[in-house]
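Coordinate analysis (summary)
Chain residues, written in single-letter form:
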Amino acid sequence: MNSQELFNGMINALIELDKDEVLNLVAKALADNVRPMDILNGGITVGLQQIGELFSEGEVFLPELLLAADIAMGVMKDLSDRFGVGDQIEKRGRCIFATVEGDVHDIGKSLVCMIFSASGYEVLDAGVDVPSQKIIDMIKEEKPDVVGLSSLLSTTMQAQREFIEAAKEAGLRDSFKIMVGGAPVSREWAEKIGADGYAEDASSAVVEVDKLLEQRV
Ligand code: B1M
């Protein structure tokens, strides 16, 4: 099987909620030296997107969506120690990542955390459904270089704007860079709400933050 065939197999197995087959194909891909990031981007994320489409069409229901997410989180955990670096002595910067209040989508934010950690950043994962005030409290305590907010619902994007306003009111806005991301988020939205950066996926988020922190010096 070539890697595309393995990815297609993972996508189908995820849609069928066949955890054993997903894990079996991930193990095969790793044995063939397919990069963990390619497994996530080419197989698991595409499978989740397709399940999401089936969900919007009423073909699958919430329990199935949850099960698929559970399988995907399991694969991500298994792959996380293969991303390397992480414990470099000198960190490139300190980041807080959170999924905004009202939003429990964890997978994309966790992937962002994994990639930043593997790229040598110190990562504080504030979790999901995180109120702005909790992030403000963390900023006072942890003094991050970057705060990254993930939002997967068009209804929760507003919480990104509200966080920026709350940070201004707390007099903290200029002490860190703010990145926003998530499926319904765009660069246009990021500019509109006064975020410093936006990225479509986890890998380009690292490139964006590298640039933002270079500008700061
Ligand atoms: Co939900 N869900 N969900 N869901 N879910 C979506 C997002 C949806 C598009 C599905 C659909 O209808 N087609 C839709 C949103 C529609 C909209 O608002 N535009 C939706 C809905 C409607 C809902 C509920 C309202 C359903 C309901 O209850 N009726 C509900 C809301 C719950 C809530 O949050 N309050 C809900 C619940 C759930 C589950 C709990 C069942 C589960 C999440 C479980 C979990 O995370 N532990 C779930 C899932 C799995 C999905 C889909 C299928 C997959 C999301 C995912 O993990 N993708 C999703 C469909 C889709 O996205 N097409 C869907 C894989 C992940 C790697 O991608 O998170 O996009 P993503 O992250 C990407 C980029 O966006 C980017 O990098 C990542 C890739 O490298 N990125 C960043 C993300 N954060 C970033 C931050 C950055 C930079 C980049 O900088 C800070």
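Structure's up top.
Residue numbers here run from 1 along each chain, matching the order of that chain's written sequence. In keeping with the predicted nature of the model, local features appear solely for residues at pLDDT of at least 70, side-chain atom pairs appear and are counted solely at 80 or more, and the whole-chain, interface and lining totals rest on all residues. Only hydrogens and water are removed before side-chain values are computed, so all heavy atoms of the structure are retained for them.

Secondary structure is summarised from DSSP: a helix means a run of H or I of at least four residues, a strand means a run of E of at least two, and numbering begins at the N terminus for each. Looking only at helices and strands, one finds nine helices and five strands in the protein. Of the regular secondary structure in the protein, the N- to C-terminal order runs α-α-α-α-β-α-β-α-β-α-β-α-β-α. Using C-alpha atoms as the atom set, the radius of gyration is obtained and then compared with a globule rule of 2.2 Å times the number of residues to the power 0.38. Its C-alpha atoms give the protein a radius of gyration of 18 Å, near enough to 17 Å, the size a compact globule of 217 residues would have. Its C-alpha atoms give the protein principal-axis dimensions of roughly 55 × 45 × 25 Å. The proportion of buried residues among the 217 residues of the protein is 46%. When contacts within the protein are restricted to residue pairs at least 6 apart in sequence, long-range pairs at least 24 apart make up 71% of them. The buried label applies to any residue whose accessible area, calculated with a 1.4 Å probe on protein chains only, is under 20% of its type's maximum; exposed applies above 50%, and partly exposed to all values in between. Contacts: residue pairs with any heavy atoms within 4.5 Å of one another.

Strand order in this open sheet of five strands is β2-β1-β3-β4-β5, and the pairing throughout is parallel. Looking at which strands have only one partner, the edges of the open sheet turn out to be β2 (122-130) and β5 (197-198). Summarising the sheet, strand β4 (residues 177-181) and β5 pair through two bridges and their orientation is parallel. Bridge pairing in β5 links V180 to Y198. Strands were regarded as paired on the criterion that DSSP finds at least two bridges between them.

What follows covers the nonpolar core. Residues belong to one nonpolar core when they are buried, are Ala, Val, Leu, Ile, Met, Phe, Trp, Tyr or Cys, and are joined through side-chain atoms within 4.5 Å. Ranked by internal contacts, the top residues of the largest apolar core, which has 45 residues, are M10, I39, L40 and F116. Those elements giving two or more residues to this core turn out to be α1 (3-15), α2 (19-31), α3 (36-56), α4 (62-80), β1 (94-100), α5 (107-118) and α9 (202-216). Here the element with the most residues in this core is α5; it accounts for eight residues. When near neighbours in sequence (up to four residues on either side) are disregarded, F116 contacts C95, F97, Y121, V123, A202, A205, V206 and V209.

A few words now on the site of the ligand. Whether a residue is near a molecule or strand depends on its heavy atoms: if one lies within 4 Å, it is near. Within the structure, the ligand sits among 34 residues, and S56, V104, H105, D106 and S150 are positioned closest to it. We define a polar contact as two N or O atoms separated by no more than 3.5 Å, with the added condition that, inside protein, one atom must be a possible hydrogen donor and the other a possible acceptor, whereas residues neighbouring each other in sequence contribute only through side-chain atom pairs. At 2.7 Å from an oxygen atom of the ligand is found a main-chain nitrogen or oxygen belonging to D106. Within the contact set of the ligand, an oxygen atom lies 2.9 Å away from a backbone nitrogen or oxygen of S154. Elements with a minimum of two residues in the shell around the ligand: α3, α4, α5, β3 (146-150) and β4. Among the elements that take part in the shell around the ligand, α3 stands out by supplying six residues, more than any other. Partitioning the shell around the ligand into residue classes produces 18 nonpolar, 12 polar and four charged. In this classification, the charged set is Asp, Glu, Lys and Arg, the nonpolar set is Ala, Val, Leu, Ile, Met, Phe, Trp, Tyr, Cys and Pro, and all remaining amino acids, among them Gly, are polar.

Among the structural elements, L25 can be located in helix α2. Placed 118 residues apart in sequence, L25 and K143 show a C-alpha to C-alpha distance of 42 Å. Not counting chain neighbours up to four residues away, the residues in contact with L25 comprise M1, L6, G9 and M10.

Right, let's talk about the coordination of the cobalt atom of the ligand for a bit. Only nitrogen, oxygen and sulfur atoms qualify as donors, provided they sit within 2.8 Å of the metal or within 3.2 Å for Na, K and Ca; with water excluded from the atoms, sites may seem incomplete. The protein gives the cobalt atom of the ligand a lone donor atom, H105 (NE2), placed 2.3 Å from the metal. Looking at where H105 falls in the secondary structure, it is placed in the loop between β1 and α5.

A cluster of acidic residues, E16, D18, D20 and E21, forms a negative patch at the surface. Note on placement: E21 falls in helix α2. Residue E21 is classed as partly exposed on the basis of its relative accessible area, which comes to 31%. Exposure above 30% relative accessible area and the lack of any salt bridge qualify a residue for a patch; like charges then connect within 9 Å, and the nonpolar side chains Val, Leu, Ile, Met, Phe, Trp and Tyr within 5 Å. Shrake-Rupley sampling with a 1.4 Å probe provides the accessible areas, and residues are treated as covered by the protein chains on show and by no other component. The rule for a salt bridge is simple: a side-chain nitrogen of Lys or Arg has to be within 4 Å of a carboxyl oxygen of Asp or Glu. This count recognises Lys and Arg as positive and Asp and Glu as negative, with His and chain-terminal groups excluded. Just so you know, the charge point we use is NZ for Lys, CZ for Arg, CG for Asp and CD for Glu.

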